[in-house]
Amino acid sequence: ARYVCDEFARQTLYAITARFIIRFITATGVRVSELISFQIQDVINGYKDIYSKGNKMRRVYIPTALQEDTLRWLESESRKNGPLFLSHLKRGISVSGIRSQLKTFAYRYHLDPKVVYPHSFRHRFAKNFIENGGDIAFLSNLLGHTSIETTRIYLRRCSTEQSLIVNQIVDW
């Protein structure tokens, strides 16, 4: 019986962690390689400063609703400092650890594992941002792109989306 309880607790923790990983990427547009550097203090602050090539800094903002939910989750886990996302060994999670958790999450919830990967959530952030009236130049900055042309790749629409948009706009 103890094994069943321990296994249930472990599986529940993985599902919660995967959910927060997905929410963080989708709500901030952060790269998975950047996400693994997030610390609990960054959530408390509401942002993380990330340095990229050429020591260029960009600030990744954590939306208030996500910040509050994350702080409640961390409190329930009695965690006050250290890495935001932990591996099964209770150390900071790796990029491959995040990919593995997302694949497990996909299989567990009968989702197509081919579409449940970290970069797909970054694309979702970009699309949501533009669809809700965000500026492409600001989006480019939020994503850490040096060229707005790189950002445009994230915003390509499939032919079905293009047809729907044309039919909504052109009514004459």
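Attention here is on the structure that accompanies the text. (Residues numbered from 1 in each chain as written. Predicted model: local features only at pLDDT ≥ 70, side-chain atom pairs only at ≥ 80, totals over all residues. Heavy atoms only, no water.)

1. Side note on the overall build of the protein chain
- Helix and strand counts for the protein chain come out as 9 helices and 2 strands.
- Reading the protein chain from its N terminus to its C terminus gives the helix and strand order α-α-α-β-β-α-α-α-α-α-α.
- Residues classed as buried in the protein chain amount to 34% of the 172 residues present.
- Taking all contacts inside the protein chain whose residues are at least 6 apart in sequence as the whole, residues at least 24 apart take part in 54%.
- When the accessible surface of the protein chain is totalled, it reaches about 10,800 Å², and 56% of it is carbon and sulfur. (Helix = DSSP H or I, 4+ residues; strand = E, 2+ residues; numbered from the N terminus. Buried < 20%, exposed > 50% of the residue type's maximum accessible area, 1.4 Å probe, protein only. Contact = heavy atoms within 4.5 Å. Areas by Shrake-Rupley, 256 points an atom, 1.4 Å probe, with all protein chains shown as cover.)

2. With respect to the pattern of salt bridges
- Here the structure, examined in full by the defined rule, presents 8 salt bridges.
- In this structure, Glu 131 engages Arg 124 in a salt bridge whose closest nitrogen and oxygen atoms are separated by 3.4 Å.
- Residues joined in a network through salt bridges with shared partners are Arg 23, Asp 69 and Arg 72. (Salt bridge = Lys/Arg side-chain N within 4 Å of Asp/Glu carboxyl O.)

3. Observations concerning unusual backbone geometry
- Even without a glycine there, the phi angle at Lys 90 is positive, about 70 degrees.
- Structurally, Lys 90 is set in the loop between helix H4 (64-76) and helix H5 (95-108).
- For His 110, which is not a glycine, the phi torsion comes out positive at approximately 55 degrees.
- Structurally, His 110 can be placed in the loop between H5 and helix H6 (118-131).

4. Here we look at the packing of H6 against helix H7 (residues 136-143)
- Two elements in contact, H6 and H7, have axes whose closest approach is 10 Å; the angle formed by their N-to-C orientations is 155 degrees. Classified by the angle their axes make, H6 and H7 are roughly antiparallel. Crossing geometry of H6 relative to H7 is assigned as right-handed. Residue-level inspection shows Arg 122, Phe 125, Ala 126, Phe 129 and Ile 130 of H6 in contact with H7, the latter providing Ile 136, Phe 138, Leu 139, Leu 142 and Leu 143.
- Tallied by class, residues from the contact of H6 with H7 come to 9 nonpolar, no polar and 1 charged. (Axes fitted to C-alpha atoms, helices over the stretch in contact; angles between N-to-C directions. Parallel < 35°, antiparallel > 145°, perpendicular 65-115°, else oblique. Left-handed = near helix turned anticlockwise from the far one by under 90°. Nonpolar A, V, L, I, M, F, W, Y, C, P; charged D, E, K, R; others polar.)

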